[in-house]
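The chain contents come next:
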Amino acid sequence: MPQVAHHLLLCATPTKALCCDPAVGAASWDTLKRLVRELGLESPGRPEGIVLRTKADCLRICSDGPILLLWPEGIVYGGVTPERIERIVHEHVIGGRPIEAWILQRQTFSPALR
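Residues numbered from 1 in each chain as written. Predicted model: local features only at pLDDT ≥ 70, side-chain atom pairs only at ≥ 80, totals over all residues. Heavy atoms only, no water.

Student: For this particular structure, what's the right way to read the packing of helix α1 (residues 22–38) against helix α2 (residues 82–94)?
Tutor: The relative placement of two packed helices is expressed as an angle between their axes plus a distance between the axes. Their axes nearest at 8 Å, the elements α1 and α2 cross at an angle of 30°. One finds that α1 runs roughly parallel with respect to α2. Crossing hand, α1 versus α2: right-handed. Between α1 and α2, the contacting residues are Ala 27, Ser 28, Thr 31, Leu 32, Arg 34 and Leu 35 on the first element and Pro 82, Ile 85, Glu 86, Val 89 and His 90 on the second. When its residues are assigned to classes, the contact of α1 with α2 shows six nonpolar, three polar and two charged. (Axes fitted to C-alpha atoms, helices over the stretch in contact; angles between N-to-C directions. Helix = DSSP H or I, 4+ residues; strand = E, 2+ residues; numbered from the N terminus. Parallel < 35°, antiparallel > 145°, perpendicular 65-115°, else oblique. Left-handed = near helix turned anticlockwise from the far one by under 90°. Contact = heavy atoms within 4.5 Å. Nonpolar A, V, L, I, M, F, W, Y, C, P; charged D, E, K, R; others polar.)

Written out as structure tokens, the structure reads:
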């Protein structure tokens, strides 16, 4: 398995539609899929590591959706439209510069108890 550089989880098509317009979420997901493929971010030979993407039903942040959770940084972006996805992928995922104005919160992983 290649090294993972980022994992992008997009809460884009909620079954309860509490946080976003499902049409905007679906368009954001389509844009994310397209960009990851077009930019070769899922290529196993990518020196920086691959970028994984997952469409989630709910990330338990029921406002300002669609929501994008970006690991390993634990950054939660809100209001993620297709246009914002473009900038987030180029500036944050590739360029390493988070877009502070769109960040709703920062989360951290705590190691699992053994």
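Student: Quick question: what am I supposed to make of the sheet that holds strand β1 (residues 4–11) here?
Tutor: Adjacent strands of a sheet form backbone hydrogen bonds with each other and so pair up, either parallel or antiparallel. Across the sheet, five strands lie side by side as β2-β1-β3-β4-β5; this open sheet has mixed pairing. Looking at strand neighbours, the two that pair on one side only are β2 (50–56) and β5 (103–106), the edges of this open sheet. This sheet shows a mean twist of 20° between the axes of neighbouring strands, independent of strand direction. Of the strand pairs in this sheet, strand β4 (residues 75–77) and β5 are connected by three bridges, and their pairing is antiparallel. From the neighbouring strand, Tyr 77 faces β5, where its bridge partner is Ile 103. Most of the contacts of α1 go to β2, to which it runs at about 165°, and overall it touches β1 and β2. Seen against the sheet, α2 touches β1, β2, β3 (67–71) and β4 and runs at an angle of roughly 15° to β3. (Pairing = 2+ DSSP bridges.)

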